[in-house]
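# Fold and contact review
What follows is each chain in one-letter form.
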Amino acid sequence: MSTELTLYGYWRSSAAYRVRIALNLKGLAYRQVPVHLVKDGGQQRAADYRALNPQQLVPLLVDEANGGARINQSLAILEYLEEVFPVPALLPDDPVRRAQVRALAMHIACEIHPLNNLRVLQYLSAELGVDDEAKNAWYQHWVGQGLAAVEEGMECFDGRLSLNDRPGYLEACLVPQVYNARRFACDLAAYPRILEIVARCETLPAFQQAAPEVQPDAQ
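Small disclaimer: the values here were computed from a predicted structure and weren't measured. (Residues numbered from 1 in each chain as written. Predicted model: local features only at pLDDT ≥ 70, side-chain atom pairs only at ≥ 80, totals over all residues. Heavy atoms only, no water.)

What follows covers the overall build of the protein chain. Scanning the protein chain for helices and strands turns up 9 helices and 4 strands. Traced from its N-terminal end to its C-terminal end, the protein chain shows the element sequence β-α-β-α-β-β-α-α-α-α-α-α-α. Against the 2.2 N^0.38 benchmark of 17 Å for 219 residues, the protein chain shows a C-alpha radius of gyration of 17 Å, consistent with a compact globule. Over its C-alpha atoms, taken along the principal directions, the protein chain stretches across nearly 45 × 45 × 30 Å. Burial status across the protein chain gives 49% buried among its 219 residues. Once local pairs closer than 6 in sequence are excluded, the contacts in the protein chain between residues at least 24 apart make up 66%. A total of about 10,500 Å² of accessible surface is found on the protein chain, and carbon and sulfur atoms cover 52% of it. (Helix = DSSP H or I, 4+ residues; strand = E, 2+ residues; numbered from the N terminus. Rg over C-alpha atoms; globule rule 2.2 N^0.38 Å. Buried < 20%, exposed > 50% of the residue type's maximum accessible area, 1.4 Å probe, protein only. Contact = heavy atoms within 4.5 Å. Areas by Shrake-Rupley, 256 points an atom, 1.4 Å probe, with all protein chains shown as cover.)

So, about helix α1 (residues 14–25). Between its terminal C-alpha atoms α1 stretches 16 Å, which fits the 16 Å expected from 12 residues at 1.5 Å a residue. Judged by how many residues are buried, α1 sits mostly within the fold: 12 of 12 residues are covered. Every buried residue of α1 is listed here: S14, A15, A16, Y17, R18, V19, R20, I21, A22, L23, N24 and L25. In this fold, the buried residues of α1 make contact with β1 (5–9), β2 (30–34), α3 (74–84), α4 (95–112), α7 (169–183) and α9 (205–208). (Expected span 1.5 Å × (residues − 1).)

Neither face of strand β3 (residues 60–63) is left uncovered, since the one carrying L60 and V62 and the one carrying L61 and D63 both have all their residues buried. The pairing of β1 with β3 spans 4 bridges and is antiparallel. Residue L5 lies in a different strand from β3, and its bridge partner there is D63. Of the pairings in the sheet, the one linking β3 to strand β4 (residues 69–72) comprises 4 bridges and is antiparallel in character. (Pairing = 2+ DSSP bridges.)

Further remarks concern the UniProt feature "domain: GST C-terminal" (unreviewed entry) in the protein chain. UniProt's entry tags residues 94–219 with the feature "domain: GST C-terminal" (unreviewed entry), counted in the numbering of this structure. This span, residues 94–219, is 62% helix and 0% strand, and a straight line between its end C-alpha atoms measures 41 Å. (UniProt positions renumbered as here; feature names shortened; annotations may be inferred.)

Over the atoms a probe the size of a water molecule is rolled, and this reveals where empty space is left. Roughly 740 Å³ of internal volume is contained in the largest pocket. If you trace the largest pocket, you find 34 residues lining it, with S13, L37, H113, N117 and L118 closest to the centre. For the lining of the largest pocket, the residue count by class is 15 nonpolar, 13 polar and 6 charged. (1 Å grid on protein atoms, 1.4 Å probe; cavity = no way out; pocket = protein on both sides within 12 Å on 5 of 7 lines; lining within 4 Å. Points joined across faces, edges and corners; volume = space filled by probe spheres on them. Nonpolar A, V, L, I, M, F, W, Y, C, P; charged D, E, K, R; others polar.)

Residue P59 is reached from V58 by a cis peptide bond, and omega for that bond is 5 degrees. As for its position among the elements, P59 is in the loop between α2 (47–52) and β3. Here the amide bond leading from V87 into P88 is cis, since omega sits at -5 degrees, within 30 degrees of zero. Along the polypeptide, P88 turns up in the loop between α3 and α4. Despite not being glycine, D40 has its phi angle at roughly 60 degrees, a positive value. Relative to the helices and strands, D40 is located in the loop between β2 and α2.

Following this line, the structure appears as structure tokens:
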């Protein structure tokens, strides 16, 4: 078990949440360094953090056992963990199933999340003058459209988890997205497959220990 991993993140960041789940599923020990995305104008913009991660985003994973390698972007981190710590696997062995899992995870991380992350919501409010009601409508529209596609895509899983009897890469992306959808009062009734999978995951320690409310920087 590695004890030389450091995760820079923010308790409410769904991207950092994904990585916490993946680390827990693999049973990896890691140290957390909070980067508050709102306080002090956004600590991700501070010079010391920008020197670590020029993208000025979270999460960032540092692996001291691999020369202090710095990996940013949550899906790249998940891929890195899968390659460096292959057991237990986050992805299925079957190439078709593996591609299906990646496609759904990428839809969440690359299609739904970017339209609704903190930077976008802050820009809508501060720069475009969008009020809270309109901003929430924006959020709910894009989340609803995105989750509808995920719900349909999960039909091929026949109610199973992405690794049949256990969760992995897909669930690490899905659970944080549903958490955020609930925060913004999105109506999830139309997504029974998603809700069933999320409910199963939420009973597992790997997901419970990754939940935003139990992180050291939770407010």
